[in-house]
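Summary of structural features
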Number of protein chains: 2
Amino acid sequence: MLLTLLGVSNADREPRRSSRQEARRAATRAEILEAAWELVREHGLAALSLRDLAARVGMRAPSLYSYFDSKHALYDAMFADGYRQALAELDPSGPDDTRRALKAWARTFFDFCNADPVRAQLMFQRPVPGWEPSPDAYAPSVEFLERTRRAFAARGITDPQDLDLWTALLSGLVSQQLANEPGGDRWARLVDRVCDMYVNDIETKHKERQ
Amino acid sequence: MLLTLLGVSNADREPRRSSRQEARRAATRAEILEAAWELVREHGLAALSLRDLAARVGMRAPSLYSYFDSKHALYDAMFADGYRQALAELDPSGPDDTRRALKAWARTFFDFCNADPVRAQLMFQRPVPGWEPSPDAYAPSVEFLERTRRAFAARGITDPQDLDLWTALLSGLVSQQLANEPGGDRWARLVDRVCDMYVNDIETKHKERQ
DNA sequence: GTCTATAGGGTGATAGAC
DNA sequence: GTCTATCACCCTATAGAC
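Residues numbered from 1 in each chain as written. Chains lettered and ligands numbered in written order. Predicted model: local features only at pLDDT ≥ 70, side-chain atom pairs only at ≥ 80, totals over all residues. Heavy atoms only, no water.

**Brief notes about the interface of chain B and chain A**
Across the boundary between the two partners, chain B contributes 31 residues, which contact 32 residues of chain A. Taking both sides of the interface into account, the surface hidden between chain B and chain A amounts to around 2,500 Å²; carbon and sulfur atoms contribute 53%. It is Asp-164, Arg-193 and Met-197 of chain B that lose the most area in chain B upon contact with chain A, and together they represent 24% of the buried surface on that side. Seen at the junction of chain B and chain A, the total is six salt bridges. Of the charged contacts, one joins Arg-193 of chain B and Asp-201 of chain A as a salt bridge, the two residues approaching to 2.7 Å between their closest N and O atoms. Along the contact surface separating chain B from chain A lie 12 residue pairs in polar contact (both at pLDDT 80 or more). (Contact = heavy atoms within 4.5 Å. Buried area = accessible area lost by both parts, 1.4 Å probe. Salt bridge = Lys/Arg side-chain N within 4 Å of Asp/Glu carboxyl O. Polar contact = N/O pair within 3.5 Å; in protein donor to acceptor, adjacent residues only side chain to side chain.)

This is the structure we're talking about:
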C-alpha cells in the first residue's frame, strides 16, 4: 500500500523480488523522484535531463532506466506524485458554513500552488512538448477532482457549471500570481474576496429559482 | 513608423540602408515571424528550432542571424508581436454601460486567447526555460496594460486591487479553457456570468463606502 | 543494478567563401 | 545575405561487460 502510494506497484509485470528488495527499490525510486523535483525547481520543467538527474543521485544516466522506462514515465510519476501530495495536503471537508469552508480550502490550495510553482505548472498546464500524462498517471488526478466534486455536492452545489466556475476562479488567482509574482501574495489577498463573490453568486442563483 | 510596428526599428545601430532595402528587410523579418508562429502552433513553443524555421522560409539556419541576433531575440519579437496583435484587435472602450462594455471586452479577449492558445501561452505564461522577455519586448505589453488601466479609470474603477481581480478572473477562464479543452467553449459560456459577478462586487463595495 | 561505450539523433551559434 | 562546413555541445536510449 505504501508502495502503491509511491507509485511502484508494478510488481505484477516485474521479476519476483523479496519485500526487502522491493522496499529498497521503492526507496531509490522515491529518491530519484525527489531529485527530479529539485532539478525542475532550479531549471524549469522542460529543461530536465537524465544526465543531470542521474548525477544528482550519484548514478550514470543509463542506470535510471532500471527505475523508469523512459523520460516520459518519469514525468508521469512526477505528475501522479503532485496529485498524491495534493490529496495528502488538501482536505475539502471543513466547517459547516460553506463560505468559511471554501475560503479555508481556497487559501490552502493557493498556498499549495504558490509554494511550488513548477509542481503546479506540471499538474495544471501542459508545459512539456510531446508529453501528456498516461491514463495510469491520471488516476490520482481523477481522484482529486472527484473528491472536490463530492465535497461540493455535500454542500448542495451540484451544477457542473458551478464547479467549472470555481476551478476557473481559483486557477485565475493562481495563474496570475505564478506568472507575475511567483511566491508572492499580491493575488493571495484576493482569495477571500473571490470566495465571497462565488458564494454570493450561487446563493443569488438559488433564490431566483424559488 | 510601420517599421517600428513590425519591430525593425534598429536602424540606429545598423549600417545605413536605403528605404527600399529596409522595406525588403522588414518584409522578410515579418515572413520569418509568421513562419515561427506556424511552427509553434504545430509543435509547441519550446520545440521551435532554427533549422525547422529556416526550412519553412526556404533558408538555411545561419541566414536567420541576418534578421534575428539569437533565438531569444526571436522569442522577444514574437512576444512583442502578440501584444501588438492584441492592441490592434482589442478595444477597451465600448458602450457607456460598464456591465455591457466589460462583457463585450471580456468575450473578445477570451476569443483572442482561445483562437491561438500558443500565442496566449507566450504572452501570459513563462513557458520557455531560460527565456524571459527583454525590456524592449515588454514595451507593447506595458502599453496594453496601461490602456486597460485607463479604460477602467474612465469607468471609475481605479483601485489597483480591482484591476488585479479583473485580470485574475479573465485569466482563470482562459487558463481553464486552454488547459482542459483548447479551442472549445466550456468556459466561454461563463464569461458573462463572471463579468456580472465582478460588477456586482464592485458596486456593492462602492455602496458600502457611502 | 550499475557501469562504459556508443548509436543516432538533435541543438544554437560562428567562420569564412561567394 | 546566403551559403557550406563545422564547432561544441546537448539529448534519449540501448548493448553488453561485470
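Having put the structure on the table, let's press on.
**Describing the domain arrangement of chain A**
Residue and element names in this part refer to chain A. Segmenting chain A into domains produces domain 1 (8–69) and domain 2 (71–210). Across the boundary between the two partners, domain 1 contributes 14 residues, which contact 16 residues of domain 2. A buried area of about 1,400 Å², summed over both sides, lies between domain 1 and domain 2, and 77% of it is on carbon and sulfur atoms. At the surface where domain 1 touches domain 2, the tally comes to one salt bridge. In this structure, Asp-116 and Arg-41 form a salt bridge, with 2.8 Å as the shortest nitrogen-oxygen distance. Across the contact surface, domain 1 and domain 2 share four residue pairs in polar contact (both at pLDDT 80 or more). Among the secondary structure elements, those contributing two or more residues to the side of domain 1 that touches domain 2 are helix H2 (19–43) and helix H3 (50–56). For the side of domain 1 that touches domain 2, the element with the highest residue contribution is H2, accounting for seven residues. Considered class by class, the residues forming the side of domain 1 that touches domain 2 number 11 nonpolar, no polar and three charged. (Domains from an automatic or database assignment. Helix = DSSP H or I, 4+ residues; strand = E, 2+ residues; numbered from the N terminus. Nonpolar A, V, L, I, M, F, W, Y, C, P; charged D, E, K, R; others polar.)

**Comments concerning the relation of the copies chain B and chain A**
Relative to chain A, chain B is turned by 179° and slid 0.0 Å along the rotation axis, the superposed coordinates differing by an RMSD of 0.1 Å. Expressed as a symmetry operation, the mapping of one chain copy onto the other fits a two-fold axis. Minimal C-alpha distance to the rotation axis in chain B is attained by Gly-172 of chain B, lying at 1.6 Å. Looking at the interface residues of chain B, 100% of them are also at the interface in chain A, so both copies use one shared face. (Least-squares fit on C-alpha atoms with pLDDT ≥ 70 in both.)

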